[in-house]
Amino acid sequence: MSLSPTEFPQHAPAPEHLHRAAAQYGTPLYLYDAAELDAALERVRFAFGAARVYYAMKANPNLTLLRRLHAAGVGFECVSAGEIARAERVGAGGENVLVNGPAKSEAEYAAGARLGGTFIVDRAEEVDLLPPHSRALVRVNPALEISTHDHLATGAANSKFGVTLAQAPAVLQALRDAGHTALGLHVHIGSAIRNAQDFTAAFARLADLRPHTGPLAVLDAGGGWGLNADLPGIAREAWAVAGVFGAELWVEPGRYLTAQAGTLLTRVVGTKRTGRNFVLVDAGMTELLRPMLYGAAHPVSALWEGSENAVWDVAGPACESGDLLARDVTLPTPKRGDLLAIHEAGAYGAGMSSNYLTRSRPAEVLWEGGELKLMRRRETPEEVWAAEEVGS
C-alpha cells in the first residue's frame, strides 16, 4: 500500500516533523507519536469500559512506552523473564503483571511469584510447576479457523497454545486441588484478526463451558483486534461471555495500542531495474521483520515531491531475497537521500529488530508536544559485539 505525500494517515506526525527527526537522529529511525499512543488507549477504555487492561509487552517493550502505560494504570502481559524484568523496572507488580507463555522457565516462575503476578496456565502439567499458592488463569484453545496468517493464529486447533475445551474444567479443578487460586479462563486467538466473527465464535465456545466450570472470577479475552476493528462490538460480546460466568473482564491489547503510533523512517540509497523496479533503502529486515516473517503490508509514504509516478518494490540492504519492506508501491521517481515513511510500524518493529549482519539496532524517538525525545539511542558496532569480548 502506498500513499502520496499529502495522504498521510491521520495518526502520523506531519512530514516536516518526520524530516526534522531524520535530520536530527539519522536513519533508520523509529518515531512514535505520543498523542496516538494515548488515543489508542482511550479507544480501548471507551469500548471496554471497566475491563482491566493489560498491555501485551511483546508488541513493543521500550521502557519509555511502558512507563507511560504504567502511569496510566495499565498492567502488563509478559512472556519472558526479560519482559517480567522490564515490568518490575517500571514499578509494576501484583495484579498488574500476567506471566504467560507455552514454555515458561524456572526463572519466569520465580520472578512472577516474587512480583505476585498471575500465571496463565498453558498446559495441564504446568499446574505442578507453579509456585505455591499462585493465582492462575487457564488458557483455552477454541480450535477455530482464524482469519490471519498461520504464524499469527494462536487459537487454531493445530497451534501450540492453550488446553483444549474438553481439558479446561479439569485443569481448573487441578489448580484448586493443588492449593492455587483458579481465577478463570483465558483466550487469545491470534493477532491482526481480519474477521471479527472469529471473536464471536471463540467467545461462544467458551460460554459452552459454563455448565462444566461453574462461576468464575475472571474472563481474560486477550487481544488480537485488527487496527480498524469494531471495538465496541467486540467488547459487547466479551462482556456477554464474561456475564455468563459472572466474571470480571480482562483484555490484553498489544499491537492495537502501539502500531499506528509508530513510523519507520528510511532514506533512499539508490534504485535499480531488473525484472522489477527496486528502490533501495537503508532499512530492511533487521529493522522491520514483519513483511518477511508473515507477509505484513505496511502503508508507505514518499516524503519527496515528483511529477512522475511508477510502481516500485522497497528493498533493504541485506543479502537476502526476502529483504523487502513493501511491494508494488506507487512512488514519485526516487533519488538518493530521499526520505520514505513506513507507517503502522510501532508494534513488532523495533522489538523484533536484530543485529544480523552486525547492524546496529535503530534509534527510537517520541514526538510529544512539539518536541522530539530520545527513547533509545542507536547502537554502536562496539556495543553490538560487547558480549563477545570475553577473556580478551
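Throughout this description, residue numbers start from 1 for each chain and increase along the sequence as written. Note on the predicted model: pLDDT of at least 70 is required for a residue's local features to be given, and 80 or more for side-chain atom pairs to be given and counted; whole-chain, interface and lining totals, by contrast, use all residues. Only hydrogens and water are set aside when side-chain values are computed; all heavy atoms of the structure are taken into account.

**Student:** Requested: an account of the overall build of the protein chain, with residues and values cited.
**Tutor:** Runs of H or I in DSSP of at least four residues are treated as helices and runs of E of at least two as strands, each being numbered from the N terminus. Of the regular secondary structure elements, the protein chain holds 12 helices and 18 strands. With C-alpha atoms as the basis for the radius of gyration, the globule rule is written as 2.2 Å multiplied by the number of residues raised to the power 0.38. For 392 residues, the compact-globule estimate of 2.2 N^0.38 gives 21 Å, and the C-alpha radius of gyration of the protein chain, at 22 Å, lies within 12% of that figure. Once the C-alpha set of the protein chain is aligned to its principal axes, its extents read approximately 70 × 55 × 40 Å. For the protein chain, the proportion of contacts with a sequence separation of at least 24, taken over those separated by at least 6, is 68%. Here the open area of atoms and residues is found with the Shrake-Rupley method and a 1.4 Å probe, where only the protein chains shown may cover a residue. Carbon and sulfur atoms form 51% of the exposed surface of the protein chain, whose accessible area is close to 16,400 Å². Residue contacts follow a heavy-atom distance rule, with two residues in contact if any of their heavy atoms lie within 4.5 Å.

**Student:** Explain the confidence of the model for the protein chain to me, and be specific about the residues and the numbers.
**Tutor:** Regions with low pLDDT carry predicted coordinates that are not meant to be interpreted in detail. The predictor attaches a confidence to each residue, and that confidence, scored 0 to 100, is pLDDT. Confidence in the prediction of the protein chain, expressed as mean pLDDT, is 90, and 90% of residues score 70 or more. A low-confidence stretch, residues 1–6 (pLDDT under 50), is modelled with 18 contacts involving residues beyond four sequence positions or located in other chains. Note on residues 146–157: pLDDT under 50 across the span, and 48 contacts to partners over four residues away in sequence or across chains.

**Student:** Residue-level account of the packing of helix α2 (residues 34–48) against helix α9 (residues 231–245), with values.
**Tutor:** Contact pair α2 / α9: the axes reach a minimum separation of 8 Å and the direction vectors enclose 45 degrees. With respect to α9, the axis of α2 lies oblique. Of the two possible hands of crossing, α2 and α9 adopt the one that is right-handed. On the side of α2, the interface is formed by R43, V44, A47 and F48, while α9 contributes L231, P232, I234, A235, A238 and W239. The residue inventory of the contact of α2 with α9, partitioned by class, reads 9 nonpolar, no polar and 1 charged. Angles here are taken between N-to-C directions and fall from 0 to 180 degrees, while the axes themselves are lines fitted to C-alpha atoms, restricted in helices to the stretch in contact. These descriptions rest on fixed angle ranges, namely under 35 degrees for roughly parallel, over 145 for roughly antiparallel, 65 to 115 for roughly perpendicular, and the rest for oblique. Should the near helix be turned anticlockwise from the far one by less than a right angle, the crossing is termed left-handed; should it be turned clockwise, right-handed. Any residue that is not Ala, Val, Leu, Ile, Met, Phe, Trp, Tyr, Cys, Pro, Asp, Glu, Lys or Arg is counted as polar, Gly included; the first ten are nonpolar and the last four charged.

**Student:** Describe the environment of T258, listing the residues and the values that go with them.
**Tutor:** Turning to its location among the elements, T258 is positioned in helix α10 (residues 255–258). If we skip the residues at most four places from it in the chain, T258 touches L37, Y55, A59, N60, L65, G346 and A347.

**Student:** So what's going on with the pattern of salt bridges? Which residues, and what values?
**Tutor:** Salt bridges, as used here, are contacts in which a Lys or Arg side-chain nitrogen is within 4 Å of a carboxyl oxygen on Asp or Glu. Per the counting criterion, the structure on display carries 19 salt bridges. The closest approach of N and O atoms between E248 and R52, which form a salt bridge, is 3.8 Å. Here the residue E248 occupies a position in strand β10 (residues 248–251), and R52 occupies one in strand β3 (residues 52–56), the gap between them amounting to 196 residues. Type-normalised accessible area, obtained with a 1.4 Å probe on protein chains alone, sets the label of each residue: buried when under 20%, exposed when over 50%, and partly exposed for intermediate values. According to the relative accessible area criterion, E248 is partly exposed, its value standing at 34%. Here K335 makes a salt bridge to D338, at a shortest N to O gap of 3.2 Å. On the accessibility criterion, D338 (9% relative accessible area) is buried. Each of the salt bridges in this network shares a partner with another, and the network as a whole consists of D38, R68, E368 and K373.

**Student:** Quick rundown of the nonpolar core? Include the residues and the values.
**Tutor:** Only buried residues count toward a nonpolar core, which is a set of Ala, Val, Leu, Ile, Met, Phe, Trp, Tyr and Cys residues joined through side-chain atoms within 4.5 Å. F48, F76, L185, W225 and L249 are the most contacted members of the largest nonpolar core, which totals 67 residues. Residue contacts for L249: discarding those within four places in its chain leaves F48, A51, R52, L219, A221, A238, W239 and A242. Judged by nonpolar contacts, the second largest core, of 27 residues, contains A283, W304, A345 and M375.

**Student:** Which residues make up the pairing of strand β16 (residues 339–342), and what values do they have?
**Tutor:** Where burial is concerned, the two faces of β16 agree: the one with L339 and A341 and the one with L340 and I342 are both buried. In this analysis, strands are considered paired if DSSP registers two or more bridges between them. As paired strands, strand β13 (residues 300–302) and β16 are joined by 3 bridges and run antiparallel to one another. Within β16, the residue paired with S301 across the bridge is A341.

**Student:** Explain the sheet that holds strand β4 (residues 75–78) to me, and be specific about the residues and the numbers.
**Tutor:** In a beta sheet, neighbouring strands pair by backbone hydrogen bonds and run either parallel or antiparallel. With respect to topology, 8 strands assemble into a closed barrel ordered β3-β4-β5-β6-β7-β8-β9-β10, the strand pairing being parallel. With direction set aside, neighbouring strand axes in the sheet form an average angle of 30 degrees. Across 4 bridges, strand β6 (residues 118–121) lies against strand β7 (residues 135–139) in parallel orientation. Paired with I120 across the two strands is L137, which belongs to β7. Relative to strand β8 (residues 181–186), helix α6 (residues 168–177) is tilted by about 160 degrees, and along the sheet it contacts β6, β7 and β8.

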